[in-house]
Amino acid sequence: MTGPEGALELAHAEDAWTRADWEKATAAVLRKSRRMSEEDADSLVWDKLTRRTLDGLDITPLGTPSSLEGLATAGRPARAGDWDVRSLVEAGPEKQLNEAALVDLDGGVTSLWLQLDAGADLATLLEGVLLDLAPVALDAADPLAAAQAFLEHAGDTDLATGTNLGAPATADDETLTAVARLARERGLLGVVVDGTKIHDRGASDVTELGWVLAAGARVLRVLEAAGISAADAAGLIELRLAVTDEQFASIAKLRAVRRLWARVLELSGVSGVDARVHAVTSRPMMSTYDPYVNMLRTTVAAFAAGVGGADSVTVLPFDAPLGRPDVFGRRIARNTHHLLIDESHVAHVADPAGGAYAVEELTDSMAVAAWEALGRLDGAEGPDAAALEEMVAATVEQRDREVATRQRPLTGLTEFPNLGEELPVREPYSGWEGVRSYGAAFEAMRAEPPAARVFLATMGPIAQHTARATFATNLLAAGGVAVDVAGATDGPQALVAAYDGQPVVCLAGADPTYAEWGEAAATALREAGASRVIIAGRSTEWTDDSCAMGVDALAFLTRTREALR
């Protein structure tokens, strides 16, 4: 029913709920799951459910009108309608890449991102590509030579809007200026400020944003010193950012970068030039193992990119960490866009996250933090390398710690690993060089599994030991360690009968079973030849190690693997 002008009233009075009502109902659930005690105040649910990003920014479980109080920034995405579906064509044999590019374009891709080796044969690579319809973004080892070769190949073609000659923001002054002038002459984009390079090294969202701003400001300075006005220079620039499967942070990052870049341009005396943003699904978030999970990761990331207002979006194929993606991987990447745009209609709403209390608050917090990061990174000659290294190192250390303790789970790698999987075989390529995978340490263990197995000494009937046995099995598998399972047992003698000389034993049972005959089982197995006894659960005086929730899984697995040698 309608109330006063500009307001809506609920149909029934009993549908009106307060913040205290939500806290009470939520607290009841958390108490049931033992995350809160009866003595805890209901209001503690905010602390329990608020997640914190690697930059220390809070993501609240529920947005409220108070979230909009005191915001320091404002601005919304400018894209209206479908985003540009941009396919990555990585360096390699030109004929093979041409075939892949044409298949992508026939399959609904609307632009190409070309990574070029020095001296690449553009005539072969771009044969059959309609450059007046499909924008091309260059990414070359020699930016000036590639730009000149591309323009020579294009001839008098009226190149599609969005075509970018692709001088990196980190190029030397002479190269940057020369490519920018070529772009201006043809009415094209000419510069890419590529934050994904920083992201690939392990940078946080805020550090990536700060670097993009610092590098972008450096481009404006260089071009203005060369006689190109700041306004004209701004019109040549495209910002490239990574998006991950942490959807709220990724949405906020893309919304924040527009506000931040607008502020940089304002301070440079430029108005009326909107940021052009190219979002790329994160490389480090992907895993070599259980690679099909990467489809889920990239779908969430692409959703975040679309909701965040990216002008162009690149979904990296799920099999890219394994080698050069095949036809199936590229098709799935293309179809991810189509599912989001044509079936889910994500692009049909302008700024769908706009007005969402929690997202608006996170966008503002990220923008403010990134502006502070800019202050640390910005130097007269561009981003400060030493400050960047320090910021990236701090994030990498924190992320590694959270991955190691499984506070930041990686499905298929640190959680639910499958030691029996057969990985797809792909042609080797250099596309993953310089990428620091979030699960790198676990992937290294999986790549070199120990020959020996752990004896999983399951104690008691299946119903009593299955929970801890499953936990221990999954944790060991995350380090490439397989287990031999004893099965249902009724005492130390049954365990010894199933034991086959494995150097490491892991006891898995219920606490009452441990109390009744756990120490006797450990003693019997040591006498039978075990050199190391682990317990699934709390540590004891009669075992050498323990595995339980919250342990440093990486350290535990390292110790266990050493004992298996």
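Everything below is about the structure shown above.
Below is a short write-up of the structure. (Residues numbered from 1 in each chain as written. Predicted model: local features only at pLDDT ≥ 70, side-chain atom pairs only at ≥ 80, totals over all residues. Heavy atoms only, no water.)

**A look at the packing of helix H6 (residues 173-186) against helix H8 (residues 205-225)**
Next up, step 1: Contact geometry of H6 with H8 gives a least axis separation of 10 Å together with a crossing angle of 80 degrees. Relative to H8, the element H6 is oriented roughly perpendicular. Contacts between H6 and H8 pair Asp-173, Leu-176, Thr-177 and Ala-180 from the former with Arg-218, Val-219, Val-222 and Leu-223 from the latter.
Next up, step 2: Here the residues of the contact of H6 with H8 sort into 5 nonpolar, 1 polar and 2 charged. (Axes fitted to C-alpha atoms, helices over the stretch in contact; angles between N-to-C directions. Helix = DSSP H or I, 4+ residues; strand = E, 2+ residues; numbered from the N terminus. Parallel < 35°, antiparallel > 145°, perpendicular 65-115°, else oblique. Contact = heavy atoms within 4.5 Å. Nonpolar A, V, L, I, M, F, W, Y, C, P; charged D, E, K, R; others polar.)

**A look at the packing of helix H10 (residues 247-267) against helix H13 (residues 357-377)**
How two helices pack is summed up by the angle between their axes together with the distance between the axes.
Next up, step 1: Orientation of H10 relative to H13, taken along the N-to-C sense of each, is 50 degrees, at an axis distance of 8 Å. With respect to each other, H10 and H13 are oriented oblique. Crossing handedness for the pair H10 and H13: right-handed. Counting all contacts with H10, which are made through Phe-248, Ala-249, Ile-251, Ala-252, Lys-253, Arg-255, Ala-256, Arg-259, Leu-260, Arg-263, Val-264 and Leu-267, the residues of H13 involved are Val-359, Glu-360, Leu-362, Thr-363, Asp-364, Met-366, Ala-367, Ala-370 and Trp-371.
Next up, step 2: The residue makeup of the contact of H10 with H13, split by class, is 14 nonpolar, 1 polar and 6 charged. (Left-handed = near helix turned anticlockwise from the far one by under 90°.)

**Let's talk about the layout of surface pockets**
Here the idea is plain: a probe the size of a water molecule rolls over the atoms and shows the empty space left.
Next up, step 1: Within this model, the largest pocket holds a volume of roughly 750 Å³.
Next up, step 2: Those elements that place two or more of their residues in the lining of the largest pocket are helix H2 (45-49), strand S1 (51-52), helix H11 (293-307) and helix H14 (385-404).
Next up, step 3: What the second largest pocket holds in volume is close to 450 Å³.
Next up, step 4: Around the second largest pocket, the lining comprises 20 residues; the ones closest to its centre are Gln-115, Lys-197, Ser-430, Gly-431 and Glu-433.
Next up, step 5: Secondary structure elements with two or more residues in the lining of the second largest pocket: strand S4 (111-116), strand S5 (136-140) and helix H7 (196-200).
Next up, step 6: Partitioning the lining of the second largest pocket into residue classes produces 6 nonpolar, 5 polar and 9 charged. (1 Å grid on protein atoms, 1.4 Å probe; cavity = no way out; pocket = protein on both sides within 12 Å on 5 of 7 lines; lining within 4 Å. Points joined across faces, edges and corners; volume = space filled by probe spheres on them.)

**Notes on empty space enclosed by the protein**
Next up, step 1: Under the definition given, this model contains 4 cavities of 30 Å³ or more.
Next up, step 2: The space that makes up the largest cavity amounts to roughly 100 Å³.
Next up, step 3: Taken together, 13 residues line the largest cavity, and the ones lying closest to its centre are Arg-86, Ser-87, Leu-88, Val-315 and Ala-333.
Next up, step 4: At the level of elements, strand S3 (84-89) and helix H12 (327-343) are the ones that each hand at least two residues to the lining of the largest cavity.
Next up, step 5: Counting residues per element, the lining of the largest cavity draws most heavily on H12, at 4 residues.
Next up, step 6: In the lining of the largest cavity, the residues fall into 6 nonpolar, 3 polar and 4 charged.
Next up, step 7: Considered as a void within the structure, the second largest cavity measures approximately 50 Å³ in volume.
Next up, step 8: Lining the second largest cavity, in full, are Leu-88, Glu-90, Arg-283, Leu-316, Pro-317, Ala-320, Pro-325, Arg-330, Tyr-429 and Trp-432.
Next up, step 9: Residue composition of the lining of the second largest cavity, grouped by class: 7 nonpolar, no polar and 3 charged.

**A few points about the environment of Leu-102**
Next up, step 1: As for its placement among the helices and strands, Leu-102 is situated in helix H3 (residues 94-106).
Next up, step 2: According to the relative accessible area criterion, Leu-102 is partly exposed, its value standing at 26%.
Next up, step 3: Residues Leu-102 and Leu-126, spaced 24 residues apart in sequence, show a C-alpha to C-alpha distance of 8.8 Å.
Next up, step 4: Sequence-distant contacts of Leu-102, that is, excluding residues within four places in its chain, are made with Glu-127, Gly-128 and Val-129. (Buried < 20%, exposed > 50% of the residue type's maximum accessible area, 1.4 Å probe, protein only.)

**Some thoughts on the sheet that holds strand S16 (residues 532-536)**
Next up, step 1: Strand order across the open sheet formed by 5 strands is S14-S13-S15-S16-S17, with parallel pairing between neighbours. In the strand order of this sheet, the two ends are held by strand S14 (483-485) and strand S17 (545-547), each with one partner. Neighbour to neighbour, the strand axes of the sheet diverge by 30 degrees on average, direction disregarded.
Next up, step 2: Of the pairings in the sheet, the one linking strand S13 (residues 454-458) to strand S15 (residues 504-508) comprises 5 bridges and is parallel in character. For Val-454, the partnering residue across the bridge sits in S15 and is Val-504.
Next up, step 3: Running at roughly 165 degrees to S13, helix H16 (residues 462-478) makes contact with S13, S14, S15, S16 and S17 of the sheet. (Pairing = 2+ DSSP bridges.)

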